[in-house]
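Each chain is listed here by its residues.
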Number of protein chains: 2
Amino acid sequence: MKKYLAIYHDLLSDIQAKKFEAGEILPSNQQLVLRYGVSRETVRKAMQLLADEGYIQTIRGKGSLVLDNERLLFPLSTIKSYQEIVDQNNLKSQSRILKEVSHVLVPDRLRFGSPAIYAQLIVRERIVSGEPTILDYDYVNEAITPDIPLKSGDSLFNYFEEKRGFNIDYAVKHLTVESAEYDDCHYLKIDQSVPMLVVRSETHLADNRILAYTESRHRGDKFSSVEFARRHH
Amino acid sequence: MKKYLAIYHDLLSDIQAKKFEAGEILPSNQQLVLRYGVSRETVRKAMQLLADEGYIQTIRGKGSLVLDNERLLFPLSTIKSYQEIVDQNNLKSQSRILKEVSHVLVPDRLRFGSPAIYAQLIVRERIVSGEPTILDYDYVNEAITPDIPLKSGDSLFNYFEEKRGFNIDYAVKHLTVESAEYDDCHYLKIDQSVPMLVVRSETHLADNRILAYTESRHRGDKFSSVEFARRHH
DNA sequence: CAGTGGTCTAGACCACGGG
DNA sequence: CCGTGGTCTAGACCACTGC
């Protein structure tokens, strides 16, 4: 199903496999119409997805230019699981579960005015290049999915989408810079002088229910993110 | 021209003017087709823009739900000028030019592998609620637009787009957390212990030329950003 | 069942780039 | 001039919601 997504993924994997290098021009709309046997509007939907996510730039009269997407690392403006980011960037990384508690009330600082709910709390640390770098607190809405069976290496997103068939739609993320707390110092083996980049997010399903609240605490001295932004007129 | 943009802006201004509150359902595609006298695909283009930017959530079988967009503050994943952000959030803010130098070579740390160019450097401080909070270093490509006439209150983007007719297309932004430098301490009246949130960006025109490099240095203890992210399948 | 949004089509005209 | 991408149309079928 969904022809435009098939074309999108097909072209994207060619770009990521370097069959198209940065600076090259993709096949024209018309060529893709013939290749895939679809209408032009369907081709253009695929191209717009690629453009929105920073893989190509369309230039009228010329064609669709492949951009340098080597550097898209840890973007905050997309919903990617930690595992997806690790995979895409060929990082060496491990995760370790530090704590798991059921029936916890989600703290105020994560909710930004949304109603309080009970959740299952999962605390994990992410170890990048042998060094503990990120602390993740996931509060998963009990009303939607209680009792998550989690092994150390599992991805929560993968469980939600593949195993449970949930349709994750969007997230609202708040970024701040804060001082290291006791847990940061204790688990990440840093002292209070290291600033933390904190991302608090609220993840929604396609029916607008809140699936989870997450607090991701990154060592500031190790944090790096590359965003792609388009200008809309 | 561009009917879908007209519809987008029309609906957006209604949302921002609270004619549609968060939680309400927008008029259906069919109603908008009749109201604007356009085809359904044109209506849907406008709706997709609204959805992409986090103003609405479309729910199949129900309608287009208006989201709570009160809190979209200082998003890094869109290209907005400082002036646009200030206007949208009703902030009290001033800008002051600190330095202006012609024919400067853009430093390595801003370029991430892009070729070195000569630029006009403009250094400004942004004063929010009476307190100097952000230092901006703009390196504008001399080959594209030399000798920018700048008064203290002017917006660079406004000059590029309105006065010069440039078509800004996209930017790549690098986020890091760094220690305060001499200039940070001097102009922002802080000491070295305050961490800085640094955004370095490369702004491209529609023909893919680089218009400018920018380094924005935010006081970490005052920094706050809200992002909207969609999940693509 | 009627109404909603999601996908897809075949065709048209426009604006821009480059030879 | 021709080929490119950008916009728009009228109509079709599907999947889902809610009554």
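From a predicted model like this one, the values you see are computed outputs, not experimental measurements.

1. What about the protein's contact with DNA strand C?
In the vicinity of DNA strand C, 24 residues are found, and the nearest of them are A:Lys3, A:Thr42, B:Arg40, B:Glu41 and B:Arg44. In DNA strand C, the atoms that sit within 4 Å of the protein are 63% sugar and phosphate, with bases accounting for the remainder. Measuring from a phosphate oxygen of DNA strand C, one finds a backbone N or O atom of A:Lys3 at 2.3 Å. In this structure, a phosphate oxygen belonging to DNA strand C sits 2.8 Å away from a side-chain N or O atom of B:Thr58. Elements represented by at least two residues in the surface near DNA strand C include exactly helix H1 (3-16) and helix H3 (40-52) of chain A together with helix H3 (40-52), strand S1 (56-59) and strand S2 (63-66) of chain B. The dominant element in the surface near DNA strand C, judged by the number of residues it contributes, is H3(A), at 4 residues. Across the surface near DNA strand C, the residue classes tally to 3 nonpolar, 9 polar and 12 charged.

2. Some thoughts on the interface of chain B and chain A
With 53 residues of chain B at the interface, the matching set in chain A holds 53 residues. Between chain B and chain A, the buried area comes to about 4400 Å², and carbon and sulfur atoms account for 50% of it. Remark: the boundary between chain B and chain A carries 6 salt bridges. We note a salt bridge from A:Glu84 to B:Arg231, for which the minimum N-O separation is 3.0 Å. Linking chain B with chain A are 22 residue pairs in polar contact (both at pLDDT 80 or more), by the criterion used here. Contributions of two or more residues to the side of chain B that touches chain A are made by helix H1 (3-16), H3, S1, helix H5 (156-163), strand S6 (168-179), strand S7 (195-205) and strand S9 (224-230) of chain B. Per-element accounting of the side of chain B that touches chain A gives the leading share, 10 residues, to S6(B). When the residues that make up the side of chain B that touches chain A are grouped by side-chain class, the tally is 23 nonpolar, 16 polar and 14 charged. Of the pairings in the sheet, the one linking strand S6 (residues 168-178) of chain A to S9(B) comprises 7 bridges and is antiparallel in character. For A:Val172, the partnering residue across the bridge sits in S9(B) and is B:Phe228.

3. A few points about the UniProt feature "domain: HTH gntR-type" (unreviewed entry) in chain A
The UniProt entry lists residues 1-69 of chain A under the feature "domain: HTH gntR-type" (unreviewed entry), expressed in the numbering used here. Spanning residues 1-69 of chain A, this segment combines 51% helix with 12% strand, and its end C-alpha atoms are found 28 Å apart.

4. Concerning H3(A)
Residues and elements named next belong to chain A. Taking 1.5 Å of rise per residue, the 13 residues of H3 would be expected to cover 18 Å, and the 18 Å separating its terminal C-alpha atoms lies within 8% of that figure. Considering only its buried residues, H3 is in contact with H1, helix H2 (29-36), strand S1 (56-59), strand S2 (63-66) and strand S9 (224-230). Backbone geometry just downstream of H3 places Gly54 in the positive-phi region, at approximately 90°.

5. Brief notes about the relation of the copies chain B and chain A
Mapping chain B onto chain A calls for a rotation angle of 180° and an axial translation of 0.0 Å; the resulting RMSD is 0.1 Å. Taken together, these values place the two copies in the relation of a two-fold axis. Of the C-alpha atoms belonging to chain B, the one lying closest to the rotation axis is found on B:Ser77, 2.9 Å away. The share of interface residues of chain B whose copies in chain A are also at the interface is 100%, consistent with both copies meeting through the same surface.

6. Looking at the sheet that holds strand S4 (residues 118-128) of chain A
Taken together, the 7 strands give an open sheet; going across it, the order is S3(A)-S4(A)-S5(A)-S8(A)-S7(A)-S6(A)-S9(B), and neighbouring strands pair in antiparallel fashion. One side of each edge strand has no neighbouring strand; the edge strands of this open sheet are strand S3 (93-105) of chain A together with S9 of chain B. For this sheet the average axis-to-axis angle between neighbouring strands, irrespective of direction, equals 15°.

7. Thoughts on the protein's contact with DNA strand D
Taken together, 24 residues surround DNA strand D, and among them A:Arg40, A:Glu41, A:Arg44, B:Lys3 and B:Thr42 come closest. Backbone atoms, meaning sugar and phosphate, make up 64% of the atoms of DNA strand D lying within 4 Å of the protein. For DNA strand D, a phosphate oxygen lies 2.8 Å from a polar atom in the backbone of A:Asn29. At 2.7 Å, a side-chain N or O of A:Arg40 approaches a base nitrogen of DNA strand D.

8. A look at the packing of aromatic side chains
Residues and elements named next belong to chain A. Inspection of the entire model under this criterion finds 8 aromatic pairs over all chains. Arranged with centres 6.3 Å apart and planes meeting at 40°, the rings of Phe160 and Phe166 form a pair that is tilted. Phe166 carries the same exposure label as Phe160, and that label is buried. Taken together, the aromatic side chains of Tyr159, Phe160 and Phe166 make up a single cluster linked through ring pairs. Geometry around Tyr4 places Lys45 over its ring, the cationic atom sitting 5.1 Å from the centre.

Conventions used here
- Residues numbered from 1 in each chain as written.
- Chains lettered and ligands numbered in written order.
- Predicted model: local features only at pLDDT ≥ 70, side-chain atom pairs only at ≥ 80, totals over all residues.
- Heavy atoms only, no water.
- Near = heavy atom within 4 Å.
- Polar contact = N/O pair within 3.5 Å; in protein donor to acceptor, adjacent residues only side chain to side chain.
- Helix = DSSP H or I, 4+ residues; strand = E, 2+ residues; numbered from the N terminus.
- Nonpolar A, V, L, I, M, F, W, Y, C, P; charged D, E, K, R; others polar.
- Contact = heavy atoms within 4.5 Å.
- Buried area = accessible area lost by both parts, 1.4 Å probe.
- Salt bridge = Lys/Arg side-chain N within 4 Å of Asp/Glu carboxyl O.
- Pairing = 2+ DSSP bridges.
- UniProt positions renumbered as here; feature names shortened; annotations may be inferred.
- Expected span 1.5 Å × (residues − 1).
- Least-squares fit on C-alpha atoms with pLDDT ≥ 70 in both.
- Axes fitted to C-alpha atoms, helices over the stretch in contact; angles between N-to-C directions.
- Phe/Tyr/Trp six-rings, centres within 6.5 Å; stacked < 30°, edge-to-face > 60°.
- Buried < 20%, exposed > 50% of the residue type's maximum accessible area, 1.4 Å probe, protein only.
- Lys NZ or Arg CZ within 6 Å of the ring centre and 35° of its normal.

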